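# Structural features, examined
Listed here are the chains, written in short residue letters.
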Amino acid sequence: MSREIVMKPSNEKATKITLTITCWVTAIIFFLPIAWIIATALKPKNTVLDIPPKFLFVPTFSNLLDALQFSNTLAYFVHSVIYSFIAVFLAIFVSFLASYSFSRFKPAGTDFLMFLLLSTRFVPAAAFVIPFFQLFNILQLKDSFVGLIIFYTMFSIPFSVWILKGFIDGVSSKFDETGLVYGASRAHIMFKLVLPQVRSGLVAAFVFNIIFVWNEFLFNFQLGGLKTYGIPVGLFTSITKGGQVDWSFVASIGTLYVLPLALVIYFFQKYLLVGLTFGTVRGEV
Amino acid sequence: MSARTIEFEAKIKEKPKSTSKKNRGISWLLLTPVLIFFALLSILPTLWMLGLSFYDYTLTSYKPPSFNGLTNYLDFVKNEQLSASVSRTFLFLIIAVIFQTLLGILIGVFFWKNDKMPGRRLALTLFFTPMVVTPIATALFWKLMLDPTFGVINHFITSLGFERTDFLTNSSLAFPTLIVVDTWMWTPFMALMTLAALGSVPKAELEAASIDRLPIHRQITTIIWPHAKFILMLGILLRSIDAFKTMDLTYIMTNGGPGDTTELIALSLYRFAFKSFKLGYSSAVSVFLLFIAIALTAIYLYVLNARKKAEESA
Amino acid sequence: MKGKTIDFAYSRIGGWPPSAAPETQWADFQKYAMDNFGYTVNKITFAEAPFGELFQKVAPTLASQSQEFNLLIVDSQWLGALSEPGWIVKADDVFAANPELDIEPFSSLVTNTYQVYPDGSGTRWGFPQMPDTQGIFLRKDMLEDPKEQAAFKQKTGKDLPSTYDELSNIEFDALVEIIDFFHRPAKGMYGTALMYSKEYDFFSCAYYPFAYSTGGKIWDPATNNVYGILNSPENEKAMEQFVGLKKYQPANFAAFGIGDMIDLFVQGKAFSAWQWLAVGKFMSSDKVPADKVISIPLPKWNGQLIGAMGGQPWVINAFNDDDHMRVAVDVLKWWYTKETQDKFIKENGGLPWSAEGAANPEYLEVAHYVKPFLSMLEEGRSQDFWHLPEYAEMLAVQQAAFNGYATGQVKTAKEALEYAAAKQQQILFKAGRTDTPPPDNVDSLKI
């Protein structure tokens, strides 16, 4: 049955154009400060603080190159990628198992446990850092990828569980039952039947958590060391060169560091948007 | 119906309880990894922190930790400076989250209504960047942009003929400026939540409503809101909790200043824990904050569940 | 140690070249160790953080008795916090075993600032690494400009001083007159820049000379009492005078730290800047080249001048094993050799602190700021503040109060000092450092 079109075609088009312009203008307004950072990264170093500010200039990549070659920057980039990606993947895997359990078996205390998981995000990081430091010291996990990954996995579990449970709830349990009837193992059901259907949830959980882990500073600073520092720490400890803020450096690092995430958000946007519906819908958002 | 099908359906309807033991075993097995992580890396530090809160323990003092009961808590409550910090944080939280939510919903609706927009993916990506760029970098650059001497914002203000404004060290402007920057940073999050929330509304119901020529405000109250509110409220809750913990922004942009007009509680906590290393005292403050957060969440969940139950019975 | 290979690590202040110098010059130490003692040292590793965050990185490590850093470059205030829990090695013990390390300092300022805790006891814990004192950087080109000189003479009837000799003994009021003359905000040139930031010790260190030089004290080292001493009429007047200079600065002066001084000055926006002299290397740029800059010691208040001390000492991790302890001492031996100090001072932004170094004419020629630096290092010319373990908390309350006065949140200097003094008295009383309790209303005081 076709819908009656309530508005006249030309009105509708005008509305669409207005909306499009509004959306784009909004996006650009929010992006402007970031654009300024990127512009600063591309400006010749000694013009960064010019007043009146330089809006037109010949872009140079020398700041970006300098930033990459500075001290341990490249190593820190690699560290960030390693601990962020591994930790979030691990968190999603482990959370998938738990969410499946919560959704299908509803073990005793499910609601309480879910609430408790969420509550781990409540306290400011500063409160936990020293206890963690002391714990890691005892376990000899300081300045180790194992330690950091374990930490960031825990960091990413609560949100992952919440998202994935919603999605798994949305996959009919008839799939599981059918599978069982046909003699499939539980593992087969989970990974071959259910998992593919919660793709959006997996992506959403991944993107969301990786943003937080990617940009996390305090724990990386305190629990890590030269072998495991990521870019946020690298940036923070090198903000000043000789007492003054090195704006070109900060801008360059900021620009380079946001690129991977921006690309992920661009290419996986569809999944991200659907994924945050917590499983209440599986279509377009 | 074939015999096979009947047999099949019967098996499914059975759901024999005798396998529930096996299921229970599997269910706990699947939970084990998460539970281990949780116990070791969440429960343990929390208990540690709880314990520490009853001690007078300064990491850098020659005095060993000594039990002092509720003294830390009493000191915290008596300290007018800190109490002011807590109320200031609540004020920040309320104003910021309200702005972010309203603006986020507005923008979310724009994008939602415009799903065939050219370059929508790019626009949304650009729109989301504020919450994705490393906070250290954005906070530093906002500080630069707002600088009276070198900042681009003042450049525009003065070229339009207005007076050069000092945003971050002016006692009456610093707090609002902080809220504006925080809003810039997190409105995209609320818009994202709005998009998801609106997306969770069943399309079928919406189509039916527009066929029935239901006026827009009735559509909102009877169809959109009942579905969308769960995700939206979850978004508000998450943002509220995070806003309560805001520290990076205020630390880098104003360091709690001028004076203490932007001293948020997470920053004060950071100072106790890391500048003075008064671990006992900072633990007490953290326990207090934990209780506030739990209370907020409990209220939220209660309201949500109460509504859910009311609807289910309706 | 002969024939062994060993790793070595130190902690340092991030983005601060004098702190990075040991790493920059490390190849020399590797050679020194091999030639003199026959062991191999691997490339040095380090951990760094900005000033305000370094202590939090270093303290938990030491508290856990780890050997993560064998040598540490720290701020002079931390000597108490590091020595009382037994985390660092007593320098006196090292001097006893290695008398050649006990080098004669230029003045007792060096000893009291970089080495001694408790203040006044004479017990030493630190080894000077990079000394620093305060001074003022000025635009020499503007002072030497004949048009400016004529205009100044016309306006004030006095001659505009432009040489080091003329400026190095200047009185505060005369200096302010010159600052006032060059204050031209409409043309984008501010008269001066000072530090009022709440961060770390910026406000306090910038303010202290105003207080010290007019007879003010900040605490009594003998009794550890603060109340009644910090909140004195002299300190009040000094603070009013200090904050009064805001009229020659941009509107956001209350957030100024070291970096802001540099930016303003080298971008040509400030005629003068009251700055740590060790930063001198960075107080020039292509917009304001070094030949247009002159640096002088702080002015005198009625002939009196006492500035604040900066700079960093080395300390040795008490939990080093024997080998690392040995190497740490060797590093210090190497660090204090003439060759190393030469390279440090001539190439890596270092400054001299020993009697011998100060007398070396070559060092004076390295940069224009060495001369005023040494004059501020003379006996009685500067002093450091508390080395107590509670310094962080005390600093935090005073910085908040003082910065509050600068921004107008605290209405009078009297209130700001009252708040700081009362809270500090409370902190010290609770820590058992003093028997005198704080005033009764301490808990209800608010900024």
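Residues numbered from 1 in each chain as written. Chains lettered and ligands numbered in written order. Predicted model: local features only at pLDDT ≥ 70, side-chain atom pairs only at ≥ 80, totals over all residues.

## With respect to the overall build of chain A
- Broken down by element type, chain A carries 13 helices and two strands.
- Relative to the globule expectation of 19 Å for 285 residues, the C-alpha radius of gyration of chain A, 24 Å, shows a markedly less compact shape.
- Based on the C-alpha atoms only, the size of chain A along its principal axes is roughly 70 × 70 × 30 Å.
- Relative to its 285 residues, chain A shows a buried fraction of 49%. (Helix = DSSP H or I, 4+ residues; strand = E, 2+ residues; numbered from the N terminus. Rg over C-alpha atoms; globule rule 2.2 N^0.38 Å. Buried ≥ 20, exposed ≤ 12 C-beta atoms within 10 Å, placed from the backbone.)

## Here's the deal with the packing of helix α19 (residues 391–407) of chain C against helix α20 (residues 413–430) of chain C
Residues and elements named next belong to chain C.
- At a minimum axis distance of 9 Å, the contact between α19 and α20 shows a crossing angle of 170°. Between α19 and α20, the angle falls in the class roughly antiparallel. Residues E393, M394, V397, Q398, A401, F402, G404 and Y405 of α19 touch α20, and the partners they reach there are A413, A416, Y419, A420, K423, Q424 and I427.
- In terms of residue class, the contact of α19 with α20 is made up of 10 nonpolar, three polar and two charged. (Axes fitted to C-alpha atoms, helices over the stretch in contact; angles between N-to-C directions. Parallel < 35°, antiparallel > 145°, perpendicular 65-115°, else oblique. Contact = placed C-beta atoms within 7 Å. Nonpolar A, V, L, I, M, F, W, Y, C, P; charged D, E, K, R; others polar.)

## Observations concerning the domain arrangement of chain A
Residues and elements named next belong to chain A.
- Annotation of chain A at the domain level lists domain 1 (9–60) and domain 2 (72–275).
- Counting residues at the interface gives six residues for domain 1, matched by six residues for domain 2.
- Here the side of domain 1 that touches domain 2 is built from residues that sort into four nonpolar, one polar and one charged. (Domains from an automatic or database assignment.)

## Observations regarding the nonpolar core
- If you look at the biggest cluster of nonpolar residues, it comprises 325 residues, and the most contacted ones within it are A126 and V250 of chain A, A273 of chain B together with F265, A401 and A416 of chain C.
- Per-element tally for this core: the top contributor is helix α8 (residues 174–199) of chain B, with 16 residues.
- For A416 of chain C, the contacting residues outside a window of four places in its chain are M239, A401, F402, G404, Y405 and V410 of chain C. (Core = buried A, V, L, I, M, F, W, Y, C linked by C-beta atoms within 7 Å.)

## Examining the interface of chain B and chain C
- Contact residues are listed per partner, giving 30 residues for chain B and 32 residues for chain C.
- For the side of chain B that touches chain C, the elements supplying multiple residues, two or more each, are α4 (80–113) and α12 (265–275) of chain B.
- A per-class count over the side of chain B that touches chain C returns nine nonpolar, 13 polar and eight charged.

## A word on the interface of chain A and chain B
- Facing the 82 residues of chain A at the interface are 82 residues of chain B.
- Residue contributions to the side of chain A that touches chain B peak at 15 residues, all from helix α1 (residues 9–42) of chain A.
- Classifying every residue of the side of chain A that touches chain B by side-chain character gives 62 nonpolar, 14 polar and six charged.

## Observations regarding the confidence of the model for chain C
Residues and elements named next belong to chain C.
- Looking at chain C as a whole, its pLDDT mean stands at 92, while 100% of the residues score no less than 70.
- Mean pLDDT values for the elements of chain C range from 84 in helix α3 (residues 51–63) up to 96 in helix α12 (residues 233–244).
- For this predicted complex, the interface score ipTM comes out at 0.86, while the overall pTM is 0.88. (pLDDT = per-residue confidence, 0-100.)

## What about the packing of helix α2 (residues 62–69) of chain A against helix α12 (residues 247–267) of chain A?
Residue and element names in this part refer to chain A.
- Relative to each other, α2 and α12 sit at 85°, their axes nearing to 9 Å. With respect to α12, the element α2 is oriented roughly perpendicular. Facing α2, whose interface residues are N63, L64 and A67, α12 presents S248, F249, S252, I253 and L256.
- Considering only residue class, the contact of α2 with α12 consists of five nonpolar, three polar and no charged.

## Focus: α12 of chain B
- Counted residue by residue, α12 of chain B has 10 buried out of 11 residues, so it is predominantly covered.
- Following α12 of chain B by one or two positions, F277 of chain B adopts a phi angle in the positive range, close to 55°.

## Quick word on the pairing of strand β2 (residues 9–13) of chain C
Residue and element names in this part refer to chain C.
- With respect to burial, β2 is a largely interior element, four of its five residues being buried.
- Bridge count for β2 against strand β4 (residues 45–49) is five bridges, and the pairing is parallel. Among the inter-strand pairings, S11 is bridged to a residue of β4, identified as A47. (Pairing = 2+ DSSP bridges.)

## Some remarks on the environment of L35 of chain B
- In this fold, L35 of chain B is placed in helix α2 (residues 20–52).
- Considering only alpha carbons, one finds L35 of chain B and L146 of chain B, 111 residues apart in sequence, at a separation of 47 Å.

## A few points about the environment of T158 of chain B
- The residue T158 of chain B is located in helix α7 (residues 152–159) in this model.
- Placed 10 residues apart in sequence, T158 of chain B and P148 of chain B show a C-alpha to C-alpha distance of 9.9 Å.

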